[in-house]
Amino acid sequence: MDRLAFDVAHLCAGALVLASFMLLYQDRLAGLINTFAVHALVVSISVAWQAHIQSAPHLYVTAAIALGIKALIIPLALHRIIRRLGIHRTIEPVVSVGQTMLAGIGLVALSVMVMVPVTA
């Protein structure tokens, strides 16, 4: 695998972490659903990239399913339900956004600490 393939794969992984933190930050229901769709889009792009660099056509099917169902159908259905029920409010978090972000950063640091020795 060449250097560009690794760089794009790392970019996709970073985008997934960023989208995950965006999910932690959302406080409005519609924004949370939109961010969920963005996260699903990044997942499908990541899987399609892995299918391309590994020459694994079955992963394209997985990417298409993730794109179709998780990034399009589920968010559209949830937005429709919200519109029909008239739910337009913010989500009340159990802890503050700052504490949630710190917990997320701690989990990312823990995962890096666990995975770096394994991959070395």
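Preceding this section is the structure that the text describes.
For every chain, the first residue of its written sequence is number 1, and the numbers climb from 1 along that sequence. This being a predicted model, a pLDDT of at least 70 is required before a residue's local features are given, and a value of 80 or more before pairs of side-chain atoms are given or counted; all residues contribute to the totals for chains, interfaces and linings. For the side-chain quantities, the full set of heavy atoms in the structure was used; hydrogens and water were omitted.

Student: What am I meant to see in the overall build of the protein here?
Tutor: Within the protein one finds four helices and zero strands. A radius of gyration in this sense is built from C-alpha atoms; the matching globule rule multiplies 2.2 Å by the number of residues raised to 0.38. In terms of overall size, the protein is more extended than a compact globule, its C-alpha atoms giving a radius of gyration of 17 Å where 120 residues would be expected to give roughly 14 Å. The C-alpha extent of the protein, read off along each of the three principal axes, is 50 × 35 × 20 Å. Think of it in three bands: with a 1.4 Å probe and only protein chains considered, a residue is buried below 20% of the maximum accessible area for its type, exposed above 50%, and partly exposed in between. Counting only residues that meet the buried cut, the protein has 22% of its 120 residues in that class. Note on contacts: a residue pair qualifies if any of its non-hydrogen atoms lie within 4.5 Å across the two residues. Sequence separation of at least 24 residues holds for 67% of the intrachain contacts in the protein that already meet a minimum separation of 6. Per element, the accessible surface of the protein, about 8,400 Å² overall, is 73% carbon and sulfur. Secondary structure elements are taken from DSSP: a helix is a run of H or I of four residues or more, a strand is a run of E of two residues or more, and numbering for both begins at the N terminus. Note on areas: Shrake-Rupley, 1.4 Å probe, and residue coverage restricted to the protein chains presented here.

Student: Even after reading the chapter, I still don't get the side chain of threonine 35, so can you show me in this structure?
Tutor: Residue position: threonine 35 is located in helix 2 (residues 29-54). Judged by relative accessible area, which is 5%, threonine 35 ranks as buried. Residues in contact with threonine 35, not counting those within four places in the same chain, are Ala19, Met22, Leu23 and Gln26.

Student: Before we go on, may I ask you to explain helix 1 (residues 3-25) in this structure?
Tutor: Owing to its 3.6 residues per turn, the α-helix brings residues three or four apart onto one side. If you check helix 1, its first and last C-alpha atoms are 33 Å apart, about what 23 residues at 1.5 Å a residue would give, namely 33 Å. In the core, the buried residues of helix 1 are packed alongside helix 2 and helix 4 (97-119). The span expected for a helix works out to 1.5 Å for each residue beyond the first.

Student: Quick question: what am I supposed to make of unusual backbone geometry here?
Tutor: Where the residue is not glycine, phi is negative for most of them; where a peptide bond is considered, it is trans in most cases. In this structure, serine 55 takes a positive phi of about 50 degrees despite not being glycine. Residue position: serine 55 is located in the loop between helix 2 and helix 3 (57-85).

Student: It is not clear to me how the nonpolar core should be interpreted in this structure. Could you clarify?
Tutor: Soluble globular proteins: nonpolar side chains tend toward being buried together. Definition of nonpolar core: a set of buried residues of the types Ala, Val, Leu, Ile, Met, Phe, Trp, Tyr and Cys, connected through side-chain atoms within 4.5 Å. Among the nonpolar cores identified, the biggest contains five residues, and these are Val47, Ala51, Ala56, Leu59 and Ala63. Those elements that provide at least two residues to this core are helix 2 and helix 3.

Student: Would you explain the side chain of serine 44 in this entry?
Tutor: Relative to the assigned elements, serine 44 resides in helix 2. Given the relative accessible area of 6%, serine 44 is considered buried. Leaving out residues up to four positions away in the same chain, serine 44 has contacts with Ala63, Ala66 and Leu67.

Student: What should I look at first to understand helix 3 in this one?
Tutor: Over its 29 residues, helix 3 extends 41 Å from the first C-alpha to the last, a length consistent with the 42 Å expected when each residue adds 1.5 Å. Helix geometry: helix 3 is bent most strongly at isoleucine 73, by close to 30 degrees, with proline proline 75 lying one to four residues after it. Those residues of helix 3 hidden inside the fold are in contact with helix 2. Taken from the residues just after helix 3, glycine 86 is the one with a positive phi, measuring 70 degrees. Here the bend at a residue means the angle between the axes of two seven-residue stretches, the one that ends at it and the one that starts at it.

Student: Explanation requested: the packing of helix 2 against helix 3 in the structure shown.
Tutor: The description of two packed helices rests on the angle between their axes and on the distance between the axes. Geometry is summarised by axes, namely lines fitted to C-alpha atoms with helices restricted to the contacting stretch, and by angles between N-to-C directions that run from 0 to 180 degrees. Axis separation between helix 2 and helix 3 bottoms out at 8 Å; the angle between their running directions is 170 degrees. With respect to their mutual orientation, helix 2 and helix 3 come out roughly antiparallel. Amino acids outside the nonpolar list (Ala, Val, Leu, Ile, Met, Phe, Trp, Tyr, Cys, Pro) and the charged list (Asp, Glu, Lys, Arg) are all regarded as polar, and Gly is one of them. Considered class by class, the residues forming the contact of helix 2 with helix 3 number 20 nonpolar, eight polar and one charged. Working definition: roughly parallel below 35 degrees, roughly antiparallel above 145 degrees, roughly perpendicular at 65 to 115 degrees, and oblique for all remaining angles.

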